[in-house]
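If you want the building blocks of each chain, they are given just below.
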Amino acid sequence: MKTRGGVFGVGMVAGLILLFPGAVSAGPAPPPPAVTITADDSCCEFDLDFYEQSRGEVATFENPAGADAPHNVVSTVRGPDGGPLFRSETIAAGSTSPVEGTQYLDDGLYPFYCTLHGSGMSGELEISPLGVALPRPAVKAVIAPQSLRGIRRSGIVRVSLRAVTGSPAVNLELKSGPLAAAYAGGIKLGSGSTRVVSLRLNRAGRKAVSKGRQAVLSVRASVAFGSPASAKRTVR
Ligand SMILES: [Cu+2]
């Protein structure tokens, strides 16, 4: 039988009262900690319909040893990066994966499912109004002042990247007009830090800047679970 997946079940609370009679009057209940969402051994369901944790926590997905299929935990709605609002890896039996993105959620009810087994394998994650949600990764990008002549000579465009919050992996896409001109992925930046990234133009990028008196460059900085940032510069 399925039940609500509270961390502090009735039996456990009763046990705590017996063990620590003074603890109950000590203050408000502690916020529910990070939850573990577990798949059933036999395909294809989660062990509960409903899971609960506080704001700011990363949930864990566990596919138990002996399970007969790989699974994942994926939000049914999209987040600011265009991907699912939160998502685990797809994992085989006997392994666990963080459900990344849950640490940024405000309180509320968030449905999820397993993308391999569809809506039949689904559940809900409730974020309780306790604890503090982590700030979403956010970056700012500026195409550094530079001359078209210098870009032609070096084949490099410099982009200044600043992490508003800690950003583990920023991807930079540079365009010249409508053409993809350069790309760099997995750029690591600590919170509040700035880094100048030298983007090496690809063949199409070099060609795009090789003629004319100016080039209109645009850059898009994307980061998992955050909104993308973009910037433009006309270089002469
Ligand atoms: Cu599944």
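Higher on the page you've got the structure.
Residues numbered from 1 in each chain as written. Predicted model: local features only at pLDDT ≥ 70, side-chain atom pairs only at ≥ 80, totals over all residues. Heavy atoms only, no water.

So, the sheet that holds strand 13 (residues 194–200)
Definition in use: When DSSP finds at least two bridges between two strands, those strands are taken to pair. Working definition: helices are DSSP H or I runs of at least four residues, strands are E runs of at least two. Numbering for both runs from the N terminus. Note on method: axes are straight lines fitted to C-alpha atoms, helices fitted across the in-contact stretch only, with angles between N-to-C directions ranging 0 to 180 degrees.
Spatial strand order, 9-10-13: three strands in an open sheet with antiparallel pairing. Since the sheet does not close on itself, it has two edges, and those belong to strand 9 (139–143) and strand 13, each with one partner. Here the strands of the sheet are splayed against their neighbours by 25° on average, with no regard to which way each runs. Relative to strand 10 (residues 156–163), strand 9 is paired through five bridges, and the arrangement is antiparallel. Bridge assignment links Ala141 to a residue of strand 10, and that residue is Leu161.

A word on the side chain of Thr38
Rules: For this analysis, residues touch if any pair of their heavy atoms sits within 4.5 Å.
Mapped onto the fold, Thr38 is located in strand 2 (residues 36–38). If sequence neighbours within four positions are ignored, Thr38 has contacts with Phe46, Asp47, Tyr51, Phe61, Glu62 and Pro64.

Quick word on the pattern of salt bridges
Heads up, the condition is: Any Lys or Arg side-chain nitrogen located within 4 Å of an Asp or Glu carboxyl oxygen qualifies as a salt bridge. Throughout, exposure labels follow a simple rule: accessible area from a 1.4 Å probe, protein chains only, divided by the maximum for the residue type, with under 20% read as buried, over 50% as exposed, and the rest as partly exposed.
What the rule picks out here adds up to four salt bridges. Its salt-bridge partner being Arg55, residue Asp106 comes within 3.5 Å of it at the nearest N-O pair. One end of the pair, Asp106, is in the loop between strand 6 (95–99) and strand 7 (108–114); the other, Arg55, is in strand 3 (residues 50–55), with 51 residues separating them in the sequence. Put simply, Arg220 and Glu173 hold a salt bridge, and the shortest N to O gap is 4.0 Å. You can see Arg220 sitting in strand 14 (residues 215–223) and its partner Glu173 sitting in strand 11 (residues 167–176), a full 47 residues away along the chain. Here Arg220 falls in the partly exposed class, since its relative accessible area comes to 40%. One salt-bridge network, in which partners are shared between bridges, spans Arg55, Asp106 and Asp107.

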